Amino acid sequence: MILSVFLYGLSVGHYEIFPFELISTAKFTLTDTFPPERIDRHQIYQELTEIDSLIDINSKDDIETKRIDLQNYIWPNGDLPENKFPTYHSININDNLFSDIESLSQIDSFIVEMEYGMTSTSYLFLPKTTNNQLIILHQGHDKSSLRGPDSHSFEQDKEIIQKFLEKNFSVLIFSMPGKGMNNEPVVEVPKLGKIKLNSHNHFRLIDNDNLHSIKFFIEPVMITLNQIDRDYIFESFNMIGLSGGGWSTVVISALDDRIKKSYSIAGSFPIWMRSSPSDLGDYEQNIPEFYKIANYEELYIMSAYGEKNKLVLIYNEFDPCCFPGSLYKQFPFESIIQERIKSLGKGEFSVIIDIDQNKHIISDFSLNQIFSSLSSK
């Protein structure tokens with residue numbers, strides 16, 4: 001019995017399965033305290049008045065140049081995903097975990113295969129009555145299966161999926177690399193030996209002149225959208241993500257102009273707001289070569305720019321994980337990004353704080369804000 005409890009505890013920590021998020025949140029909410037680096041103003045050295053000087057975008061051409069430069073970094077061998085399609089596409093799959101959703105018509109699935117044997121599995125939930133709008137829902141780092149690491153993961157977001165289906169949206173859901181149903185391949189690294197890619201920080205070990213692992217975060221969505229563009233009929237693509245999924249939402253929508261409205265919940269701060277060593281984030285959030293091409297402020301502009309484009313950053317005020325709205329309120333950069341968007345002539349950008357929210361979640365408040373935004377022209 002003791003051994004079983006011990007092994008389960010190890011699984012909770014490694015795979016971040018239930019009740020990992022509850023334990024993580026309780027650590028802070030029960031004590032009503034937060035790590036000093038999350039609230040300590042002296043950790044931040046950037047003057048708010050100088051943020052505008054960090055932005056190198058003054059025209060549509062500047063945005064296109066940055067997109068091309070980012071593409072050249074992500075795909076240094078020129079192997080862009082624009083003409084690629086998922087390896088597997090299954091229609092009307094059987095998944096009993098979602099069979100009780102009355103508004104669900106069918107589930108289709110996609111599998112994208114990449115270098116080093118990395119795979120990405122996504123589900124497309126189609127409603128019985130459709131408004132012809134697609135929601136791309138991207139999960140964060142802590143998404144694992146409620147039924148163990150070898151089962152599938154999207155059940156954790158079943159309630160959110162159902163709410164979108166009930167409002168006649170289709171939902172295409174992804175997990176981050178190595179999370180959910182995505183695999184953790186064992187690779188051999190020259191001079192370092194065999195390692196299992198069970199942490200995003202391992203990706204630094206396999207990066208080389210011909211491959212940058214940030215592509216594993218971006219390609220699955222773009223490649224799957226190619227298939228959806230070809231085989232389905234949607235009037236618009238919109239994207240939503242929590243935590244690492246919120247980061248994915250910002251970066252992917254900045255690169256792919258097919259995505260119109262984007263909503264990042266607890267997904268990112270500019271790097272100067274993360275100067276504490278314990279708060280710098282995973283591999284994908286702080287690659288110097290990538291963010292020197294386009295920093296977060298510029299990525300926000302690239303995502304928000306365009307006809308009918310919109311980017312909304314939502315922060316939970318007392319988020320126990322990361323990117324708390326309480327810290328944002330000390331350094332509110334919304335108006336700086338808005339002014340640059342206004343000068344470009346197209347697009348919308350805004351920041352919303354989920355007041356008094358002390359969980360790392362997409363709350364009902366956030367969902368209502370998103371529904372309201374999606375219904376506006």
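What comes next is a walk through the structure. As the structure is a computational prediction, the values presented were derived from the model and not from experiment.

### What about the state of the cysteines?
- Per the counting criterion, the structure on display carries one disulfide.
- Disulfide partner of C321: C322, at an S-S distance of 2.4 Å. The S-S bond linking C321 to C322 shows a torsion near 75 degrees; that makes this disulfide right-handed.
- Among the residues examined, C321 registers a relative accessible area of 27% and is labelled partly exposed.

### A few points about the pattern of salt bridges
- All told, the structure shown has 16 salt bridges when counted by the stated rule.
- Of the charged contacts, one joins K215 and E219 as a salt bridge, the two residues approaching to 3.4 Å between their closest N and O atoms. With K215 and E219 both in helix α7 (residues 215-231) and four residues apart, this pair spans about one turn of that helix. Comparing K215 with E219 shows no difference in burial state: the two are buried.
- Close ionic contact of R230 with D231 constitutes a salt bridge, the shortest N to O distance being 3.2 Å.
- The class of R230 is exposed, set by a relative accessible area of 52%.

### A few points about the environment of P127
- Its place among the elements puts P127 in strand β3 (residues 119-127).
- Look at P127 and you get buried, because its relative accessible area is 8%.
- Counting along the chain gives 21 residues from P127 to Q106, while the straight-line C-alpha distance between them is 7.2 Å.
- Apart from the residues within four sequence positions on either side, P127 is in contact with S103, S105, L165, N168, F169 and S170.

### Section: the pairing of strand β10 (residues 310-316)
- Of all seven residues that make up β10, seven are buried, and the element is covered over most of its length.
- Alternating positions in β10 separate into two faces, K310, V312, I314 and N316 on one and L311, L313 and Y315 on the other, with burial throughout.
- Taken together, the seven bridges between β10 and strand β11 (residues 348-354) define a ladder with parallel strand orientation. When the bridges of β11 are listed, K310 appears paired with E348.

### Side note on the sheet that holds β11
- Across the sheet, nine strands lie side by side as β1-β2-β3-β5-β4-β8-β9-β10-β11; this open sheet has mixed pairing. Strands at the two margins of the open sheet, each flanked by one partner only, are β1 (88-90) and β11. Each neighbouring strand pair of the sheet contributes to a mean axis angle of 15 degrees, computed without reference to strand direction.
- Where strand β4 (residues 133-138) and strand β5 (residues 170-174) come together, five bridges link them in parallel fashion. From the neighbouring strand, I135 faces β5, where its bridge partner is V171.
- Each of β2 (104-113), β3, β4, β5 and β8 (236-242) touches helix α5 (residues 158-166); the most contacted strand, β3, lies at about 40 degrees to it.

### As for helix α10 (residues 296-304)
- Summarising burial for α10: nine of the nine residues are buried, a large majority.
- N-cap assignment for α10: the residue whose side-chain oxygen lies 3.2 Å from the backbone N of E297 is N295.
- Of the residues flanking the end of α10, it is G306, one or two places downstream, whose phi is positive at about 135 degrees.

The rules we used
Residues numbered from 1 in each chain as written. Predicted model: local features only at pLDDT ≥ 70, side-chain atom pairs only at ≥ 80, totals over all residues. Heavy atoms only, no water. Disulfide = S-S within 2.5 Å. Buried < 20%, exposed > 50% of the residue type's maximum accessible area, 1.4 Å probe, protein only. Salt bridge = Lys/Arg side-chain N within 4 Å of Asp/Glu carboxyl O. Helix = DSSP H or I, 4+ residues; strand = E, 2+ residues; numbered from the N terminus. Contact = heavy atoms within 4.5 Å. Pairing = 2+ DSSP bridges. Axes fitted to C-alpha atoms, helices over the stretch in contact; angles between N-to-C directions. Polar contact = N/O pair within 3.5 Å; in protein donor to acceptor, adjacent residues only side chain to side chain.

The values are spatial; any link to function lies outside them.
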